[in-house]
Amino acid sequence: MTPEAERWFAARSWQDPSWSVDELTRLKGTRRVSVVLPALNEQETIAPIIAELLPLAEPDGAGEALVDELVVLDSGSTDHTREYARHAGARVVAREDVLPEFEPRAGKGEVLWRSLAAVSGDLLVFLDSDLVDFDARFVPALLGPLLAGDEPVLVKGFYRRPLRLPREGVRQTEGGGRVTELLARPVLSAVRPDLSGVIQPLGGEYAAAREFLESVPFAPGYGVETGLLIDAYDRHGLDGLAQVNLGVRKHRNRGLLQLGVMSRQILAAALARTEGRTAPDEVLDDSRDEISYTQFIQSGSEWLPHEQPIPTAERPPLRSVRRNSTR
Ligand SMILES: O=c1ccn([C@@H]2O[C@H](COP(=O)(O)OP(=O)(O)O)[C@@H](O)[C@H]2O)c(=O)[nH]1
Ligand SMILES: O=C(O)[C@@H](COP(=O)(O)O)O[C@H]1O[C@H](CO)[C@@H](O)[C@H](O)[C@H]1O
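What counts and how
Residues numbered from 1 in each chain as written. Chains lettered and ligands numbered in written order. Predicted model: local features only at pLDDT ≥ 70, side-chain atom pairs only at ≥ 80, totals over all residues. Heavy atoms only, no water. UniProt positions renumbered as here; feature names shortened; annotations may be inferred. Near = heavy atom within 4 Å. Polar contact = N/O pair within 3.5 Å; in protein donor to acceptor, adjacent residues only side chain to side chain. Areas by Shrake-Rupley, 256 points an atom, 1.4 Å probe, with all protein chains shown as cover. 1 Å grid on protein atoms, 1.4 Å probe; cavity = no way out; pocket = protein on both sides within 12 Å on 5 of 7 lines; lining within 4 Å. Sits in = over half its atoms within 2 Å of the grid points. Points joined across faces, edges and corners; volume = space filled by probe spheres on them. Helix = DSSP H or I, 4+ residues; strand = E, 2+ residues; numbered from the N terminus. Nonpolar A, V, L, I, M, F, W, Y, C, P; charged D, E, K, R; others polar. Buried < 20%, exposed > 50% of the residue type's maximum accessible area, 1.4 Å probe, protein only. Arc of directions from axis to C-beta. Pairing = 2+ DSSP bridges.

Under the annotation held in an unreviewed UniProt entry, the chain carries the name Glucosyl-3-phosphoglycerate synthase and is attributed to Actinopolyspora mzabensis. Per UniProt, the comment on the chain under Sequence similarities (unreviewed entry) is "Belongs to the glycosyltransferase 2 family."

This is the structure:
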């Protein structure tokens, strides 16, 4: 780690976050908190996650709740995700129903960008919808530095990451975070060495201030976390960031080729923030950037190329497209 990363790691990593829900509910005052679950075909896991979260949205004796709204931002699911999420008690927003003036694009970054216009929170908590054995304590831990600390703009979770490879029954106790260890951490150490203290740069569980989220572009697809992390650092310095220990995070682990596509999206987001190619305010929504990505599939004894388009066009800062950003 760089000396600055070491300083930050020591000062802004909570290894044992212990803020209570009551304490944070008092501290939040008039600020609103929205929990956002981006979801694409997550019918197997969405309802138990919502059930675990709902108590955080129930008013206490003083009529206050830590979480003001719990929203599933649906990313074009074709399974029962929306139905199960509604039945479990969450508000479900289809991506095409928010910011309808923009033609919906595929990918996680798209629904996270649209979520800013779908929820009212001053603080947003993002949680993946494929989590297994999810613990609602993730939420107060992520909100702690934002409500009780010196107000960073982005708080990342970190955790032990068990791994269960597709078509395998046993989940290993470690080994998850494959793209993090093989791509994201090496790339960040090259392009932003001061970010080398971030334990889980790609983690899908994080909290952020609306003020920040509306001021930066959103990278498409799985590049979104990389873009937000680098932009938070570039605009607010390391002290704009914090990280909290969330214990263990188990989720659906995808196959190698899927992680290859994810890696290319992450690399695109990082490269767009190097060589001065994309400064946040210069992102043009009408750029139709797209790259063709080739992987190889074995067919019989032959290996054949499999090409697919990978969009690299970023969504502009929401504030730049909604001057009077109304929530
Ligand atoms: O086009 C997409 C792809 C993913 N996701 C959601 O983003 C989260 C993380 O995606 P995934 O689990 O595929 O990533 P991984 O955790 O495997 O890296 C999950 O809640 C997905 O349902 C989404 O909303 N739209
Ligand atoms: O961290 C990683 O290496 C990848 C893949 O994790 P696994 O190897 O399947 O545990 O998962 C993350 O990457 C995505 C892209 O940033 C995020 O959207 C996911 O939330 C996160 O799980």
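From this point, the narrative continues.
(A) Spatial organisation of the site of ligand 2. By nearness alone, 16 residues border ligand 2, and Asp128, Arg161, Arg178, Thr180 and Arg249 come closest of all. Here an oxygen atom of ligand 2 sits 2.7 Å away from a polar atom, N or O, in the side chain of arginine 249. For ligand 2, an oxygen atom lies 3.0 Å from a polar atom in the side chain of asparagine 253. Contact with the protein chains hides 97% of the accessible area of ligand 2, taken as 500 Å² for the molecule alone. Cavity membership is defined here by more than half of the atoms lying within 2 Å of grid points; on that basis ligand 2 lies in the largest pocket.

(B) Local environment of the layout of surface pockets. Estimated volume of the largest pocket: approximately 900 Å³. In this structure, the largest pocket is lined by 42 residues; those nearest its centre are Lys108, Tyr222, Arg252, Arg254 and Met262. The set of elements that each furnish at least two residues to the lining of the largest pocket consists of β2 (33–39), α5 (108–118), α7 (178–191), α10 (256–271) and β14 (302–311). Top contributing element to the lining of the largest pocket by residue count: α10, with 6 residues.

(C) Examining the site of ligand 1 more closely. Near ligand 1 there are 16 residues, and of these Pro38, Glu42, Tyr222, Arg252 and Arg254 occur at the shortest range. The backbone of serine 129 places a nitrogen or oxygen atom 2.8 Å from an oxygen atom of ligand 1. A distance of 2.6 Å is found between an oxygen atom of ligand 1 and a side-chain nitrogen or oxygen belonging to arginine 252. Relative to its unbound accessible surface of 530 Å², ligand 1 loses 92% to contact with the protein. Put simply, the parts of the chain that give the shell around ligand 1 at least two residues each are β2 and α5. By residue class, the composition of the shell around ligand 1 is 6 nonpolar, 4 polar and 6 charged.

(D) Up close: helix α2 (residues 21–28). When we look at burial in α2, the residues that qualify are Leu24, Thr25 and Lys28. In an axial view of α2, the angular spread of the buried residues amounts to 105°, which keeps them on one side of the axis. Positive backbone phi, approximately 60°, marks glycine 29, located one or two places after α2.

(E) Main features of the UniProt feature "domain: Glycosyltransferase 2-like" (unreviewed entry) in the chain. As recorded in UniProt, the sites labelled "domain: Glycosyltransferase 2-like" (unreviewed entry) are residues 34–155. This span, residues 34–155, is 31% helix and 20% strand, and a straight line between its end C-alpha atoms measures 15 Å.

(F) How the structure looks around α5. Counted residue by residue, α5 has 11 buried out of 11 residues, so it is predominantly covered. Among the residues making up α5, those that are buried are Lys108, Gly109, Glu110, Val111, Leu112, Trp113, Arg114, Ser115, Leu116, Ala117 and Ala118.

(G) How the structure looks around the sheet that holds strand β3 (residues 69–74). Ordered in space as β1-β11-β7-β10-β5-β2-β3-β4, the 8 strands form an open sheet in which the pairing is mixed. Each edge of the open sheet carries a strand with a single partner, namely β1 (13–14) and β4 (91–94). By the bridge criterion, 4 bridges tie β2 to strand β5 (residues 123–126) in an arrangement that is parallel. The residue of β5 that forms the bridge with valine 36 is phenylalanine 126.

(H) Seen up close, the side chain of arginine 12. Structurally, the position occupied by arginine 12 is in helix α1 (residues 3–12). A distance of 2.6 Å separates the side chain of arginine 12 from the side chain of aspartate 150, its partner in a polar contact. Within polar-contact distance, the side chain of arginine 12 engages the backbone oxygen of aspartate 239 at 2.9 Å.

(I) Fine view of unusual backbone geometry. Even without glycine at this site, asparagine 41 takes up a positive phi of about 55°. Examined against the element boundaries, asparagine 41 turns out to sit in the loop between β2 and α3 (46–53). Non-glycine residue glutamate 151 carries a positive phi angle of around 55°. Following the sequence through the fold, glutamate 151 ends up in the loop between α6 (138–148) and β7 (154–160).

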